[in-house]
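Inside the fold
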Amino acid sequence: MHSIKTVGVIGAGQMGGGIAQVAGISGFSTIVYDQYDQAITKCQALHDKLLARAVQKERMTQQEADAAKERIGFVSNLDDLASADIVIEAIVENEAVKTELFAKLATMLTDQQILATNTSSISITTIATAAGAAADRVIGMHFFNPVPVMKLVEVINGLATCPEVTKRTIALAEAMGKVAVPANDRAGFVSNRVLMPMINEAFYAWMEGVAEPEHIDQIMMLGMAHPMGPLRLADFIGLDTCVHIMDVMAEGLNNERYRACPLIKQLVSAGRLGNKTRRGVFSYEK
Ligand code: CAA
Ligand code: NAD
C-alpha cells in the first residue's frame, strides 16, 4: 500500500465537512463526494467561513488558508474517489445505507485503498462483510464533533482488518493533529456507550418533569464542568443521529436500557433534529 497522500470523504455533512477541512489544512489532497449538491454548497460556505475566522484569529495566514481551500475538491460522482488512498465514509447512521455503499465501493475501488467509516455505533465487522473481499481494508475511524476542535479519533478494527490498515489509519489521524485511541467492535464502541445513556437520561429527566431543559443543562455545565449541557449536545450531534445510535446499541448490545426515550423520538418525528434544522430541544432561529 502507498503512503496516504489523498483523502476521499463521502458525505459533506457536519462530520464529513469537518474531516475534509482538517485533512485539507493538514496538507492532504482531499476529495469530497455527496449525493446532494445542496450539501456540497453548504459545506463549501462553512469551509470559507471557518478559514476566514482562522485567518482573522491569526491561526493561519491568508496564503495558508488559500492553499488549504485549493487542496479540497468537491465531486458529484463516486468514481471520482478512485485516486484517494483512503476513503472516509460519513453518511447517515443507517446500517442498510452504509452496507450498500461499502458493497459498491468494494467493486469500484482498487485493492490499495483503505475504506474507513466514521460510524458512531454500527458494527465495523458488519460493514466490512458487505465489502466482501475488501473486508481486510475496512476500519472504523471515528472523529468527534466539531472535528476541527476535538482531538479524539476512536479507531476500531473489524474482525478482518489487517494490521497494516490499522497502522496507516492511526498515522493519518496523527498527521491530522488527532490522538488515536483504540476501542473494540461493540455497538457504540466506548464513546457512545458512555455518552448516549447520559443524553438519554437527560431526556427522561425532562420528560418526567425533574427540571426544565435549560436547568438540566445548567446543572451539568456548572456542576460537572461539561462545556455544553446534554440536551444542547444532543441538538448539536443531531437528535436523529442520537436515536439511530441508541437503536443500534439496544439491538447490538441486546439490552433495552439503551433504547431512546420517547421524548427524543417525538422531537425527531416532528422534524426537530437540532441545530441542523434550527430547532430541536432548543430553538436556533437567530
Ligand atoms: N468548526 C470549527 N471550529 C469550531 C466549531 C466548528 N463547528 N465550533 C466551534 N469552533 C471553535 C470556535 O471557532 C472557537 O474557536 P475560536 O474562538 O478560537 O475561533 C472555539 O471552537 C470555541 O467556540 P465558541 O467560543 O463558539 O463556543 P464554545 O466555547 O462553547 O465551544 C464547542 C464550542 C467546542 C463545541 C464546545 O461547546 C464543546 O466542546 N462542546 C462539546 C462538544 C462535544 O462533546 N463533542 C462530542 C460530541 S459526540 C461525538 O462527536 C461522537 C458521536 O458519535 C455522536
Ligand atoms: P449529516 O446529516 O450532517 O451529514 C450526512 C451527509 O451524508 C449529508 O450531507 C447527506 O447528503 C450525505 N449522504 C447521505 N447518504 C448518502 C449517500 N448514500 N451517499 C453520499 N452521501 C450521502 O450527518 P453527520 O452528523 O455528519 O453524521 C455522519 C456520520 O458521522 C454518521 O454515521 C454519524 O453517526 C457519524 N458521527 C456523527 C457525529 C455527530 O456529532 N453528528 C459525531 C461522530 C460521528
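Here the structure is a predicted model, which is why all the values come from computation and not from measurement. In this convention, every chain numbers its residues from 1, walking through the sequence in written order. To label them, take the chains in the order written and letter them from A, then take the ligands in the order written and number them from 1. Local features in a predicted model are, by the rule used here, given only for residues with pLDDT of at least 70; side-chain atom pairs are given and counted only at 80 or more, and totals for whole chains, interfaces and linings are based on all residues. Note that the side-chain values use all heavy atoms of the structure and ignore hydrogens as well as water.

**A short note on the site of ligand 1**
Ligand 1 sits among 18 residues. The nearest are R53, R59, S120, H142 and N145. We define a polar contact as two N or O atoms separated by no more than 3.5 Å, with the added condition that, inside protein, one atom must be a possible hydrogen donor and the other a possible acceptor, whereas residues neighbouring each other in sequence contribute only through side-chain atom pairs. In the environment of ligand 1, an oxygen atom lies 2.5 Å from a nitrogen or oxygen atom belonging to the side chain of R59. The contact in question runs from an oxygen atom of ligand 1 to an N or O atom on the side chain of S120, over 2.7 Å. Only the protein chains shown count as cover for residues, with accessible areas throughout obtained via the Shrake-Rupley method and a probe of 1.4 Å. In isolation ligand 1 exposes 1,000 Å². Once the protein is present, 65% of that is buried. Any residue with a heavy atom positioned within 4 Å of a molecule or strand is treated as near that molecule or strand.

**A short note on the nonpolar core**
Where a protein is soluble and globular, its nonpolar side chains tend to be buried together. Grouped together as the largest cluster of nonpolar side chains are 54 residues, with contacts concentrated most on F203 and I264. Of all the secondary-structure elements, those providing two or more residues to this core are β2 (29-33), α4 (95-108), α5 (124-130), α7 (191-207), α9 (230-237), α10 (239-252) and α11 (262-269). With eight residues, α10 is the single largest residue contributor to this core. These domain boundaries are the output of an automatic or database domain assignment. For this core, the two domains that each supply at least three residues are domain 1 (6-183) and domain 2 (192-277). Contacts are residue-level and defined by heavy atoms, with any inter-residue pair within 4.5 Å sufficient. Not counting the four nearest positions on each side in its chain, F203 is found in contact with L231, A234, L239, C261, L263, I264, L267 and V281. Only buried residues count toward a nonpolar core. Its members are Ala, Val, Leu, Ile, Met, Phe, Trp, Tyr and Cys residues joined through side-chain atoms within 4.5 Å. For each residue, the accessible area found with a 1.4 Å probe, counting protein chains only, is set against the maximum for its type, and the residue is called buried under 20%, exposed over 50%, and partly exposed in between. Counting residues in each nonpolar core, the second largest holds 29 residues, with V22, V147, A173 and M176 among its members. Runs of E in the DSSP output that reach at least two residues are strands. Runs of H or I that reach at least four are helices, and both are numbered from the N terminus.

**Observations regarding the domain arrangement of the chain**
Looking at the chain, the domain boundaries give domain 1 (6-183) and domain 2 (192-277). Relative placement of domain 1 and domain 2: their C-alpha centres are 26 Å apart. In this complex, domain 1 contributes nine residues to the contact, which on the side of domain 2 involves six residues. Accessible area that two parts lose when put together, with a 1.4 Å probe and added across both, is what the buried area reports. In total, domain 1 and domain 2 occlude about 750 Å² of area from one another, counting both sides; carbon and sulfur atoms represent 56% of this.

**Considering the sheet that holds strand β6 (residues 138-143)**
Read from one edge of the open sheet, eight strands run β3-β2-β1-β4-β5-β6-β7-β8, paired in mixed fashion. Edge positions in the open sheet fall to β3 (72-75) and β8 (179-183), since each of these has one partner strand only. On average, each strand axis in the sheet is inclined to that of its neighbour by 25°, with strand direction left out of account. Strands pair, by our definition, only if DSSP identifies at least two bridges between them. Two elements, β6 and strand β7 (residues 152-157), share five bridges in a ladder whose sense is antiparallel. Bridged to I139 within β7 is N157. Axis lines are fitted to C-alpha atoms, over the contacting stretch for helices. Their N-to-C directions set the angle, which ranges from 0 to 180 degrees. Running over the sheet, helix α6 (residues 163-175) touches β1 (6-10), β4 (86-89), β5 (114-117), β6, β7 and β8 and is turned about 20° from β6.

**Examining the layout of surface pockets**
For the second largest pocket, the calculated volume is near 160 Å³. In this structure, the second largest pocket is lined by E95, S121, I122, S123, D185, R186, A187, V248, E251, G252 and L253. For the lining of the second largest pocket, the leading source of residues is α10, giving three residues. Looking at the lining of the second largest pocket residue by residue, the class counts come to four nonpolar, three polar and four charged. When we break the lining of the second largest pocket down by domain, the ones giving at least three residues each are domain 1 (6-183) and domain 2 (192-277). As defined here, a cavity is a set of points on a 1 Å grid over the protein atoms alone where a 1.4 Å probe fits but cannot get out. A pocket is an open set with protein on both sides within 12 Å along at least five of seven lines, and residues line them when an atom is within 4 Å of a point. Grid points are joined across faces, edges and corners, and a volume is the space filled by probe spheres set on the points. For this scheme, ten residues count as nonpolar: Ala, Val, Leu, Ile, Met, Phe, Trp, Tyr, Cys and Pro. Four count as charged, namely Asp, Glu, Lys and Arg, and the remainder, Gly too, count as polar.

**A short note on α11**
Of all the positions in α11, only L263, I264 and L267 are classed as buried. Taken around the axis of α11, the buried residues stretch over an arc of 100°, which confines them to a single face. In α11, the exposed positions angled more than 90 degrees off the buried face are occupied by Q266 and S269. If you follow the buried residues of α11, they end up packed against α7 and α10. Positive backbone phi, at 80°, marks G271, one or two positions downstream of α11. What the arc covers is the set of directions going from the helix axis to the C-beta atoms.

**Points about the site of ligand 2**
Surrounding ligand 2, one finds 24 residues, the nearest of these being M15, D34, E93, K98 and S120. Residue D34 places a side-chain N or O atom 2.6 Å away from an oxygen atom belonging to ligand 2. If you list the elements that add at least two residues to the shell around ligand 2, you get α1 (14-25) and β6. Taken domain by domain, the makeup of the shell around ligand 2 includes at least three residues from each of domain 1 (6-183) and domain 2 (192-277).

**Observations regarding the pairing of β5**
Neither face of β5 is left uncovered, since the one carrying I114 and A116 and the one carrying L115 and T117 both have all their residues buried. In the sheet, β4 pairs with β5 via four bridges, with the strands oriented parallel. Bridge pairing in β5 places I86 opposite I114. A clockwise course of the path from the first strand over the helix to the second, judged with the strands pointing away from the viewer, identifies a crossover as right-handed. Once you follow β4 into α4 and on to β5, the crossover reads as right-handed. A crossover connection joins β5 to the parallel β6 through α5; in handedness this β-α-β unit is right-handed.

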